[in-house]
Amino acid sequence: MSPRNSEFDTSGTMPAGRKPPRRGPLRRLARALGFAAVIACACFFAGFLWFADWVTTLTPPADPKADAIVVLTGGSQRIDQAVELLRGGAGSRLLISGVHPATSRNQIRKLTGSSDELFRCCVDIGYDALDTIGNANETVRWIHERGYRRVLVVTNNYHMPRSLFELRRVAPETEFVPYPVVRSDLKAKNWFADPDVLRALLFEYGKIVAASARDVLGFGNRTGLRGIEAGMAGSSAKP
């Protein structure tokens, strides 16, 4: 028997009194990091399944009622739905948040087939928001100016979770009621078999995970508002 094999008895175990070789610190660290990566991937996947199930089963409330309505721009269908809710008395006033500066009030009115009277009395146009963070800040500023407590939020169903997250982050005292504009391709039960739908859901889920991480790590300084963001960029560029 060779000296190497003589260290073990015939059962393949190490003789009593001899300690097994200790793993080095780098190996232990790699093992711990690998275990953490597996847990993180499992949590991400489980969270995505919950997110996808929520988004694809979102439905508008049967009898929507609130103090006011806000619609986050990103498609004409959203604005049409919000204007229809205003006409039906679901809220007393409507904010269209995130409108491009080149788009006039009159253009939006014509696109929705609305009357001058309705737009003059009950519709506000927000031109400051650059993104969803900006939508939240622009909306909350409008809410505080008018003293609203309960607000209907109109946007696409896949965009609703992140919109509510940003709105509730800056105005936890306000009740935001989701009114999703449902994309037909997200209604299907086999959304996981459609690459385009799966990609859209993963992209949006990644954004909401990033938004959550931003708040946890303390990086939530952006306002997403046109004038303020430009001013901050100008200040940071000064020597």
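Residues numbered from 1 in each chain as written. Predicted model: local features only at pLDDT ≥ 70, side-chain atom pairs only at ≥ 80, totals over all residues. Heavy atoms only, no water.

A. Looking closely at the overall build of the chain. A tally of regular secondary structure across the chain gives nine helices and five strands. Ordering the α and β elements of the chain from the N terminus gives α-β-α-β-α-α-β-α-β-α-β-α-α-α. With 239 residues in all, the chain has 37% of them scored as buried. Long-range contacts, defined as pairs at least 24 residues apart, comprise 75% of the intrachain contacts of the chain with a sequence gap of at least 6. When the accessible surface of the chain is split by element, carbon and sulfur atoms take 59% of a total near 14300 Å². (Helix = DSSP H or I, 4+ residues; strand = E, 2+ residues; numbered from the N terminus. Buried < 20%, exposed > 50% of the residue type's maximum accessible area, 1.4 Å probe, protein only. Contact = heavy atoms within 4.5 Å. Areas by Shrake-Rupley, 256 points an atom, 1.4 Å probe, with all protein chains shown as cover.)

B. Examining the packing of aromatic side chains more closely. Scanning the entire structure with this criterion turns up five aromatic pairs. Judged by centre distance (5.5 Å) and plane angle (45°), the rings of F51 and Y205 are tilted. Linking F51 in helix α1 (residues 25-57) with Y205 in helix α8 (residues 195-217), this pair joins segments that are 154 residues apart in sequence. Just as F51 is buried, Y205 falls in that class too. One aromatic cluster in this structure is built from F44, F48, F51 and Y205. (Phe/Tyr/Trp six-rings, centres within 6.5 Å; stacked < 30°, edge-to-face > 60°.)

C. The arrangement of the packing of α1 against α8 in detail. It is the contact of α1 with α8, at a shortest axis distance of 10 Å, that shows an interaxial angle of 115°. With respect to α8, the axis of α1 lies roughly perpendicular. The interaxial crossing formed by α1 with α8 has right-handed handedness. The residues of α8 that touch α1, namely those facing C43, F44, G47, F48, F51, A52 and V55, are L198, L201, L202, E204, Y205 and V209. (Axes fitted to C-alpha atoms, helices over the stretch in contact; angles between N-to-C directions. Parallel < 35°, antiparallel > 145°, perpendicular 65-115°, else oblique. Left-handed = near helix turned anticlockwise from the far one by under 90°.)

D. A look at the sheet that holds strand β2 (residues 94-97). Read across the sheet, five strands follow the order β3-β2-β1-β4-β5 without closing on themselves; strand pairing throughout is parallel. The open sheet has two edge strands, β3 (123-126) and β5 (175-181), and neither has a second partner. Pairwise comparison of adjacent strand axes, ignoring direction, gives a mean angle of 20° for this sheet. Looking at chain direction, β2 and β3 are connected through four bridges and run parallel. In the sheet register, I96 faces β3, and the bridge partner there is I125. Each of β1 (68-72), β2, β3, β4 (150-156) and β5 is contacted by helix α5 (residues 132-146), which is oriented at about 155° to β2, the strand it contacts most. (Pairing = 2+ DSSP bridges.)

E. View of the state of the cysteines. Per the counting criterion, the structure on display carries one disulfide. In this model C121 forms its disulfide with C122; the gap between the sulfur atoms is 2.2 Å. Torsion about the S-S bond of the C121 and C122 cystine: about -85°, corresponding to left-handed handedness. A relative accessible area of 15% means that C122 is categorised as buried. Between C41, a free cysteine, and C43, which holds the nearest cysteine sulfur, the sulfur-to-sulfur gap is 9.4 Å. With relative accessibility at 52%, the residue C43 sits in the exposed group. (Disulfide = S-S within 2.5 Å.)

F. Region of the structure containing a nonpolar patch on the surface. A surface patch of nonpolar side chains, amounting to about 340 Å² of accessible area, comprises L26, L29 and L33. The residue L33 is located in helix α1 in this model. (Patch = residues over 30% accessible without salt bridge, like charges linked within 9 Å, V, L, I, M, F, W, Y side chains within 5 Å. Salt bridge = Lys/Arg side-chain N within 4 Å of Asp/Glu carboxyl O.)

G. View of the nonpolar core. I69, L94, I96, L152 and V154 are the most contacted members of the largest nonpolar core, which totals 23 residues. A total of five residues in this core trace back to one element, the largest contributor, which is helix α2 (residues 76-87). Core analysis: the next-biggest nonpolar cluster, separate from the first, contains 17 residues, V140, W142, M160 and F176 among them. (Core = buried A, V, L, I, M, F, W, Y, C linked by side-chain atoms within 4.5 Å.)

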